[in-house]
Amino acid sequence: MISPHSTYETLRQMADSWGLLAMVVCFGTCALWPFRPGAKSRNHDAAMSIFKEDDNG
């Protein structure tokens, strides 16, 4: 029978290693997503959307 202490230690070690790796991959993906080649026009449209209904006066 596995004691609760060893189960906790095993899950903690998995979270320390694989959890950190998953968070780094997720952060890298989210940080680099706007800089992908196909996003230039969408980023420009989003940046200029506040000026769509500007009547200049």
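A brief report on the enclosed structure follows.

Conventions and cut-offs
Residues numbered from 1 in each chain as written. Predicted model: local features only at pLDDT ≥ 70, side-chain atom pairs only at ≥ 80, totals over all residues. Heavy atoms only, no water. Helix = DSSP H or I, 4+ residues; strand = E, 2+ residues; numbered from the N terminus. Buried < 20%, exposed > 50% of the residue type's maximum accessible area, 1.4 Å probe, protein only. Areas by Shrake-Rupley, 256 points an atom, 1.4 Å probe, with all protein chains shown as cover. Patch = residues over 30% accessible without salt bridge, like charges linked within 9 Å, V, L, I, M, F, W, Y side chains within 5 Å. Salt bridge = Lys/Arg side-chain N within 4 Å of Asp/Glu carboxyl O.

A count of helices and strands for the chain gives two helices and zero strands. Counting across all 57 residues of the chain, residues that qualify as buried make up 2%. As displayed, the chain has an accessible area near 5,600 Å², and 67% of this comes from carbon and sulfur atoms.

Turning to a nonpolar patch on the surface, a few remarks are in order. A surface patch of nonpolar side chains, about 550 Å² in accessible area, is lined by L11, M14, W18, L21 and V25. Assignment of secondary structure puts M14 in helix α1 (residues 4-32).

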